[in-house]
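Chain by chain, the residues:
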Amino acid sequence: MKIVPLKAFKDNYIWTLRNPTHAAVVDPGEAQPVLDYLAAERLQLAAILATHHHPDHVGGIAEILRSHPCPVYGPKNEPIPTLTNPVSEGDHVRIPELGAEFSVLDIPGHTRAHIAYYGLESLFCGDTLFACGCGRVFEGTPEQMYASLDKLLALPDQTKVYCGHEYTLANMQFAKAVEPANAALRAREKRDQALRDRGLPTLPSTLGDEKATNPFLRCREPAVVESANKYLGSRIGDPVSVFSAIRQWKNTF
Ligand SMILES: [Zn+2]
């Protein structure tokens, strides 16, 4: 089985799991890229997985279902009318046609009931964790978002991170402002810039990469704490306050 990105809108990826006969798609915000790919590759659609209710992640589902009826998994507590299989923490998603199984993790913050799918050493995390960044906190609290990122941090370093958008290079500009002396970040920027120069995605990254370079996962690092304090002009030390400060800073960066 392989995992391929289909581009949608300006910078969304619809992650497509496929073998020679079947496919499943994650967060199809648009139908056309999926319909074109399934037709070109002569694949049968086995499942649709949604991470959260934003239109750029679920907007294509109804149209895809018209010609490719299949189960639609997604967060139990979000308004997604096309869901057939609402899921939450502790549930498992099995896609026998692909020999794939995922555990569902609740990771609220960006939206009220955002979920991630973890399996095959891969994490589909929508708009919660980005390469070198994280999603905006729209419906939850900074405490919830921090706890969600902390939950993802507990997964193994080799976990491949498939997030919803190609934001990596822009995120790195901010990450460098937070941690100007982070050598791993500089090396990663060089590598990812080279990928973008060739028109390739910077994703998936690995959780190991994120732990070394993503400021939102590094709220206990002295350099990140110091930058948060400089931004706020105050003295804070607890990781949730540090997270909240750098999230706020990034919004205006
Ligand atoms: Zn979103």
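What you see is a predicted model; the values in this text were computed from it and never measured.

J.: Can you break down the environment of glutamate 121 residue by residue, with the values?
T.: Checked against the element boundaries, glutamate 121 lands in the loop between strand E9 (115-119) and strand E10 (122-126). Residues glutamate 121 and valine 161, spaced 40 residues apart in sequence, show a C-alpha to C-alpha distance of 9.0 Å. Not counting chain neighbours up to four residues away, the residues in contact with glutamate 121 comprise Gln158, Thr159 and Lys160. Side chain to side chain, glutamate 121 and glutamine 158 meet in a polar contact 3.2 Å long.

J.: How would you sum up the sheet that holds strand E4 (residues 44-49)? Please name residues and give values.
T.: Read from one edge of the open sheet, six strands run E1-E2-E3-E4-E5-E6, paired in mixed fashion. Each edge of the open sheet is held by one strand with a lone partner, namely strand E1 (2-8) and strand E6 (85-87). Taking the axes of each pair of neighbouring strands and ignoring which way they run, one obtains an average angle of 25° across the sheet. Two elements, strand E5 (residues 72-75) and E6, share three bridges in a ladder whose sense is parallel. The partner of glycine 74 across the bridge, within E6, is proline 86.

J.: Which residues make up the layout of surface pockets, and what values go with them?
T.: Approximately 320 Å³ is the volume attributed to the largest pocket. As for the largest pocket, its lining consists of 17 residues, of which Phe130, Cys134, Arg136, Tyr167 and Lys250 are closest to the centre. Where the lining of the largest pocket is concerned, the elements lending two or more residues are helix H5 (168-178) and helix H9 (239-251). Its residues placed into classes, the lining of the largest pocket shows six nonpolar, six polar and five charged.

Conventions used here
- Residues numbered from 1 in each chain as written.
- Predicted model: local features only at pLDDT ≥ 70, side-chain atom pairs only at ≥ 80, totals over all residues.
- Heavy atoms only, no water.
- Helix = DSSP H or I, 4+ residues; strand = E, 2+ residues; numbered from the N terminus.
- Contact = heavy atoms within 4.5 Å.
- Polar contact = N/O pair within 3.5 Å; in protein donor to acceptor, adjacent residues only side chain to side chain.
- Pairing = 2+ DSSP bridges.
- Axes fitted to C-alpha atoms, helices over the stretch in contact; angles between N-to-C directions.
- 1 Å grid on protein atoms, 1.4 Å probe; cavity = no way out; pocket = protein on both sides within 12 Å on 5 of 7 lines; lining within 4 Å.
- Points joined across faces, edges and corners; volume = space filled by probe spheres on them.
- Nonpolar A, V, L, I, M, F, W, Y, C, P; charged D, E, K, R; others polar.

Everything listed here is a matter of coordinates, which is why it stays silent on function.
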